[in-house]
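Below are the chains, spelled out letter by letter.
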Amino acid sequence: MLAALGTCLPAHAAEAAPAASSDSGTMVDTPAFKLGWPEIKMPKLNWKPGWGGEADPTKPAAANPFTTAVERVSTASQQAMAGARNGWNQAFDKLRTTSTDAAPRSKEPEGPGFWARLFTPPEEPQQARTVSEFIAQDRPGTYR
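Residues numbered from 1 in each chain as written. Predicted model: local features only at pLDDT ≥ 70, side-chain atom pairs only at ≥ 80, totals over all residues. Heavy atoms only, no water.

**Remarks on the overall build of the protein**
Tallying secondary structure elements over the protein gives five helices and two strands in all. Listed by position from the N terminus, the elements making up the protein come as α-α-β-β-α-α-α. Contacts spanning at least 24 positions in sequence make up 6% of the contacts within the protein whose residues lie at least 6 apart. Carbon and sulfur atoms form 61% of the exposed surface of the protein, whose accessible area is close to 14100 Å². (Helix = DSSP H or I, 4+ residues; strand = E, 2+ residues; numbered from the N terminus. Contact = heavy atoms within 4.5 Å. Areas by Shrake-Rupley, 256 points an atom, 1.4 Å probe, with all protein chains shown as cover.)

**Thoughts on the confidence of the model for the protein**
Summarising the model, the protein shows a mean pLDDT of 75, and 62% of its residues fall at 70 or more. Within the protein, the element-level pLDDT minimum falls on helix H2 (residues 11–22), averaging 48, and the maximum on helix H3 (residues 65–95), averaging 91. Within the model, the stretch residues 1–5 combines pLDDT values under 50 with three contacts to residues more than four positions away or in other chains. (pLDDT = per-residue confidence, 0-100.)

**Some remarks on the packing of aromatic side chains**
Under the counting rule described, the total for this entry stands at three aromatic pairs. Seen in terms of ring centroids, Trp-88 and Phe-92 are 6.4 Å apart; in terms of plane orientation they differ by 15°. Their pairing is stacked. With Trp-88 and Phe-92 both in helix H3, this residue pair falls four residues apart, about one helical turn. Between Phe-114 and Trp-115, the ring centres sit 5.2 Å apart and the planes meet at 75°, which makes this aromatic pair edge-to-face. One exposure class covers both Phe-114 and Trp-115, and it is exposed. (Phe/Tyr/Trp six-rings, centres within 6.5 Å; stacked < 30°, edge-to-face > 60°. Buried < 20%, exposed > 50% of the residue type's maximum accessible area, 1.4 Å probe, protein only.)

**A look at H3**
Its 31 residues give H3 an end-to-end C-alpha distance of 45 Å, which sits within 8% of 45 Å, the value for a rise of 1.5 Å per residue. Here H3 starts with a cap whose side-chain oxygen sits 3.2 Å from the backbone nitrogen of Phe-66, and that cap is Asn-64. (Expected span 1.5 Å × (residues − 1). Polar contact = N/O pair within 3.5 Å; in protein donor to acceptor, adjacent residues only side chain to side chain.)

Okay, structure coming up:
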């Protein structure tokens, strides 16, 4: 390709073209223009100081982006939970009718509750186990 360009270019440019090939970044060097590859510099990241690249002592250490993102999510969720808890406590305090220092209400009623009485079958009478219990029981049609 350079040979084809050398035939199209003036004589003094053809002499400059071989010198340009020695330059690593230049493909074509002519008096009219200079064509070459762009130089790309990759950023230097120090993800783990002490593991490969040492940190520059003059610059402050950059925080790990993953750690900072996790910390932001953690603090935001803690703040949201605190706000929800405070709102719940305020609403609950408004609904509370008695103070927490008040004496407890009356004792639980003795005996079964409404639902227990509704769904519990009545107790069956006990059958006589011995002869003396059988003789002592009340008989229908007799009055004592």
